[in-house]
Structure formats: C-alpha cells, structure tokens
Amino acid sequence: MGYAEVMNKIRFEWDEEKDRENQDKHHVSFSLAQKAFFDARRLIVEDVEHSTEEERFYGIGRVAEGIMTVRFTYRNNVIRIYGAGYWRKGRKLYEEQNKIHR
C-alpha cells in the first residue's frame, strides 16, 4: 500500500465546541488542521507532559504557507484533534528535523 492509499484511510474527529474555541483563540479550524498530516515531511512527537490519562501527540506539518502544530490523540483508529495553531516551537522543530534554513 502506497503513501497516498494509507493517507486516504485516515479518519479524523473532533469536538465541535472545542473546534470553535480553537478558531476563536488560534484562528485555525480543525478541518484545516487535518492537512498537516498529509505533509510527507510531517513530524509526530509524543506530548509527554499531557499524556497522563491517554497518549497524546503533536503532529507538525506544512499547511499552506505555514508550519502548523496539531495536538491530537489516537483512539480506535481515528485521529482525534483537540488543538491546533501556527506555533513557533513546532515550526522550529520542523525546520530543524527537515534541515530547513531561514
């Protein structure tokens, strides 16, 4: 199975209220945030600080002209998004890991 086929099988979900709150606070919708996972150079990093009750992660990938960080967990073969934004820390990590120089 190729990369495109795998990516087509990924399912996403989120809480609509949390999505509205995220849009108000960070100006990013969770429907847009999904696109970070389709960047072939994306990073997935464990969120050790917030993984107390379940494993949580950061997905960091290019969306449009920026590098987006998406906070998520993985439940029953579904990526559940609970936060997203264009944050400096995620961009810095992405650029370091992908050897991008500004």
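Cut-offs used in this document
Each chain has its residues counted from 1, following the order in which its sequence is written. In keeping with the model being predicted, local features are shown solely for residues with a pLDDT of at least 70 and side-chain atom pairs are shown and tallied solely at 80 or more, while totals for entire chains, interfaces and linings include all residues. In computing side-chain values, all of the structure's heavy atoms are included and hydrogens and water are not. Only runs of H or I of at least four residues qualify as helices and only runs of E of at least two qualify as strands under DSSP, and these elements are numbered from the N terminus. Think of it in three bands: with a 1.4 Å probe and only protein chains considered, a residue is buried below 20% of the maximum accessible area for its type, exposed above 50%, and partly exposed in between. The contact criterion used throughout is that any non-hydrogen atoms of two residues lie within 4.5 Å. In short, Shrake-Rupley with a 1.4 Å probe defines the accessible areas, and a residue's cover is counted only from the protein chains shown. One speaks of a salt bridge when a side-chain nitrogen belonging to Lys or Arg is within 4 Å of a carboxyl oxygen belonging to Asp or Glu. Pairing of N or O atoms within 3.5 Å defines a polar contact, subject to two protein rules: one partner must be a possible hydrogen donor and the other a possible acceptor, and residues neighboring in sequence count only if both atoms are side-chain atoms. Side-chain rings of Phe, Tyr and Trp, where Trp is taken by its six-membered ring, are said to pair if the distance between their centres is within 6.5 Å; with planes under 30 degrees apart they count as stacked, over 60 as edge-to-face, and otherwise as tilted.

Quick notes on the overall build of the chain
Stage number 1. In terms of helices and strands, the chain carries 4 helices and 5 strands.
Stage number 2. Looking at the chain as a whole, 37% of its 102 residues are labelled buried.
Stage number 3. If you take every contact in the chain between residues at least 6 apart in sequence, the share linking residues at least 24 apart comes to 46%.
Stage number 4. As presented, the chain carries roughly 7,000 Å² of accessible surface, and 46% of it is formed by carbon and sulfur atoms.

Re the pattern of salt bridges
Stage number 1. Overall, the coordinates contain 7 salt bridges when judged by the stated rule.
Stage number 2. For R56, the salt bridge identified is with E54, shortest N-O distance 3.8 Å.
Stage number 3. A relative accessible area of 24% places R56 in the partly exposed class.
Stage number 4. Look at E54 and you get partly exposed, because its relative accessible area is 24%.

A short note on the side chain of S29
Stage number 1. Mapping S29 onto the fold places it in the loop between helix 2 (16-26) and helix 3 (30-33).
Stage number 2. With relative accessibility at 17%, the residue S29 sits in the buried group.
Stage number 3. Looking at S29, its side chain comes within polar contact range of the main-chain nitrogen of L32, at 3.1 Å.
Stage number 4. Aside from chain neighbours lying at most four places away, what touches S29 is D19 and Q23.

Focus on the packing of aromatic side chains
Stage number 1. Tallied over the full model, the rule gives 5 aromatic pairs.
Stage number 2. Ring geometry for F37 versus F72: centroids 5.0 Å apart, planes at 80 degrees, classification edge-to-face. A residue pair is termed long-range when its members are at least 10 positions apart, and F37 in the loop between helix 3 and strand 2 (43-46) and F72 in strand 4 (residues 66-75) qualify at 35 residues. Of the two residues, F37 and F72, both sit in the buried class.

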